[in-house]
Each structure stands twice: as structure tokens, then as C-alpha cells.
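Notes for the structure review
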Amino acid sequence: MLKLTCVKKTFNKGTVTEKCALTGVDLTLEDGDFVTIIGGNGAGKSTLLNMIAGVYPLDSGTVELDGHDISRLSEPKRAMYLGRVFQDPMRGTAADMQIEENLALARRRGQHRGLAWGITKQEREEYPALLAKLGLGLETRMSAKVGLLSGGQRQALTLLMATLTNPKLLLLDEHTAALDPKTAAKVLELTEQIVAERNLTTLMVTHNMNDAIRLGNRLIMMHEGNIIYDVRGEEKKALTVPDLLQKFEEVSGGELANDRMLLS
Ligand SMILES: Nc1ncnc2c1ncn2[C@@H]1O[C@H](COP(=O)(O)OP(=O)(O)O)[C@@H](O)[C@H]1O
Ligand SMILES: [Mg+2]
């Protein structure tokens, strides 16, 4: 359902800061695949997700979604098909707006009209049930400003908003990395729940090797702008953290297993 063919991206081409972030990535996802992505700092993980979302133009290669070449579609056009959650809990929600207004905006994503005609009665009935599923007590605070929420609550809400319109593809870029361990575990649990419930095709970048092994049906390791390891099914389930560390060492002489990954 997603097919990347020889996707290349170099930043600041022709300058002293030239950096080849993706060297020619091929990747095909099946419907319902839940892929975890690991790799050291600067491996190209975020760039990969950004190229799928259309944040930057491709240097070469193609991105296809459900058989359609979306390589030249703008970021807002692609956003209709994608759900995205980033590391920063401030990024996915509007702080000055109420919880229900944020949800209503997410519900209307890709439509021309804004909130001018208000939140419908149906939505007022629907949203509390959705929020209750998060198990954070937000269902009784529908008219609270999002800026008052904790980072974890906000990230859980962002996840709900990103998946509200059942996107074709969910892109998660270290979306629990800025949260304390307990909150991170909760948001990760919600992620698993929502992805399974709606059978969402998902790409999740994480620096936590245990999470990368435990979640999803496929694991990808990136290094220096390419995919150097791709494992799925039973083989993935059998993986251990030492296996992954060994893989890192094979490609990088150990440097790849950065502190952040080792500490998690
Ligand atoms: N917008 C940008 N401008 C210039 N260089 C960038 C930009 N985005 C990423 N890079 C560079 O591309 C490389 C890959 O970055 P990134 O995809 O963010 O890595 P990762 O997410 O795996 O840590 C890094 O060297 C990074 O500095
Ligand atoms: Mg990154």
C-alpha cells in the first residue's frame, strides 16, 4: 500500500554542509503492516518520514500510496491520507483551543470549512466516548484549553486526533521520547490499542530497542541514509536487544548504539 522506490535526499547540496540523508531507499509496506524503525542519530529516520509526508521535495525516486504516485503532491494534500505524531507534545494540538475544538478540527481535516459552523450535537456525544478510551479522565474536560494538559495527556490527544479520520498511514516519530517512562508506557499502550483496533498501517520511529522488538510485525534498522536490516514475523518476534546491538556493531563498529538507545 506504500511503496518507496530509490528515494534520495541530500540537504544543502553543493555547500560545505552538504548531507546525504537518504541514499536511495526502497521500502514496500503491506496493508496493516506495523513497522518499527530504529537507528542511530542522523541515520535518516525522520527524513524518511518527512519524505513520505511531503515535507521536502524528493531529489529522485518515487513515493506511491495505494498505487498512486504521490511524489509531487504537496504536504497539505498528503496530510489528508496521513496521521502524524512527533516527539514534541506541543506540536500536534492547538494550546489555546478546547479539547473538543481540537478534536473537531482533526475531524474536519482536509475539508475546506473550518469551525465556523460549530461542533455538531453528534460530535458532542461521540468525543467523550473516544476520550474515555484514553483512560486519562479527559472526557469530563471537553471544554478545557489543551494548553492546561500535561505532556502525556497532550500526546495521547494528538494520537487520537491523528487517527480520528482513519488515515491510510500513521507516522510516529519518537512520539513517546519526551515523556516520563510511566507516561511513555501509557501512550505506547494507547498506540498499540488504536493501531490494532483500526488495523492502521503504521511506521513508528523509536530509540527504545525493547519497544521496537515488542511492537509491530516488522522491524527496520537504518544507518547512514539507508535500510540495513529488515525483519518480520516470527524472526522479528525472536529478536533480542543483544541481537540488535550486534547488528549495530556489524555496520558501524559499535558507534551506532548511541547512549540514548543503550539507556532505554
Ligand atoms: N532540514 C534539514 N536540513 C539540513 N540537514 C538536515 C535536515 N533534516 C535532516 N538533516 C540531516 O540529515 C541527516 C539525517 O537526519 P534525520 O533524518 O533527522 O536523522 P534521524 O531522525 O535518524 O536522527 C542528519 O545528518 C541531519 O543533520
Ligand atoms: Mg529523528
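Residues numbered from 1 in each chain as written. Chains lettered and ligands numbered in written order. Predicted model: local features only at pLDDT ≥ 70, side-chain atom pairs only at ≥ 80, totals over all residues. Heavy atoms only, no water.

Structural notes on the overall build of the protein chain
- Across its full length, the protein chain carries ten helices and ten strands.
- Against the compact-globule benchmark of 18 Å for 264 residues, the protein chain has a radius of gyration of 19 Å, which places it among compact chains.
- Overall, the protein chain is about 55 × 40 × 35 Å in size when its C-alpha atoms are taken along their principal axes.
- Across the 264 residues in the protein chain, those meeting the buried criterion constitute 47%.
- Considering only contacts in the protein chain between residues 6 or more positions apart, those separated by 24 or more positions represent 67%.
- About 12,500 Å² of surface is accessible on the protein chain, with carbon and sulfur atoms providing 50% of the total.
- Across the protein chain, the mean location of the 32 positive side-chain charges is 6 Å away from that of the 34 negative side-chain charges. (Helix = DSSP H or I, 4+ residues; strand = E, 2+ residues; numbered from the N terminus. Rg over C-alpha atoms; globule rule 2.2 N^0.38 Å. Buried < 20%, exposed > 50% of the residue type's maximum accessible area, 1.4 Å probe, protein only. Contact = heavy atoms within 4.5 Å. Areas by Shrake-Rupley, 256 points an atom, 1.4 Å probe, with all protein chains shown as cover. Lys, Arg positive; Asp, Glu negative; His and termini not counted. Charge placed at Lys NZ, Arg CZ, Asp CG, Glu CD.)

Details of the packing of aromatic side chains
- Counted by the stated rule, this structure contains one aromatic pair.
- Plain terms: the ring middles of Phe11 and Tyr56 are 5.0 Å apart, the flat faces sit at 85 degrees to each other, and that makes the pair edge-to-face. Of this pair, Phe11 sits in strand β1 (residues 2-11) while Tyr56 sits in the loop between α1 (45-53) and β4 (60-65); the two residues are 45 residues apart in sequence, bridging distant segments of the chain.
- Classification of Phe11 as partly exposed rests on a relative accessible area of 23%.
- The class for Tyr56 is partly exposed, based on a relative accessible area of 31%.
- Over the aromatic face of Phe86 sits the side chain of Arg91, whose NZ or CZ is 3.6 Å from the ring centroid. (Phe/Tyr/Trp six-rings, centres within 6.5 Å; stacked < 30°, edge-to-face > 60°. Lys NZ or Arg CZ within 6 Å of the ring centre and 35° of its normal.)

Looking at the sheet that holds strand β10 (residues 226-232)
- Spatially, β6-β7-β8-β3-β9-β10 is the arrangement adopted by the six strands of the open sheet, whose pairing is mixed. Of all strands in the sheet, those bounded by a partner on one side alone are β6 (82-85) and β10. Strand-to-strand, the axes of this sheet are offset by a mean angle of 15 degrees, without reference to chain direction.
- Here six bridges tie strand β9 (residues 218-223) to β10, and the two strands are oriented antiparallel to one another. By the bridge assignment for β10, Arg218 is matched with Arg232.
- Against the sheet, helix α9 (residues 241-252) makes contact with β3 (34-39), β9 and β10, and its axis sits at roughly 30 degrees relative to β9, the strand it touches most. (Pairing = 2+ DSSP bridges. Axes fitted to C-alpha atoms, helices over the stretch in contact; angles between N-to-C directions.)

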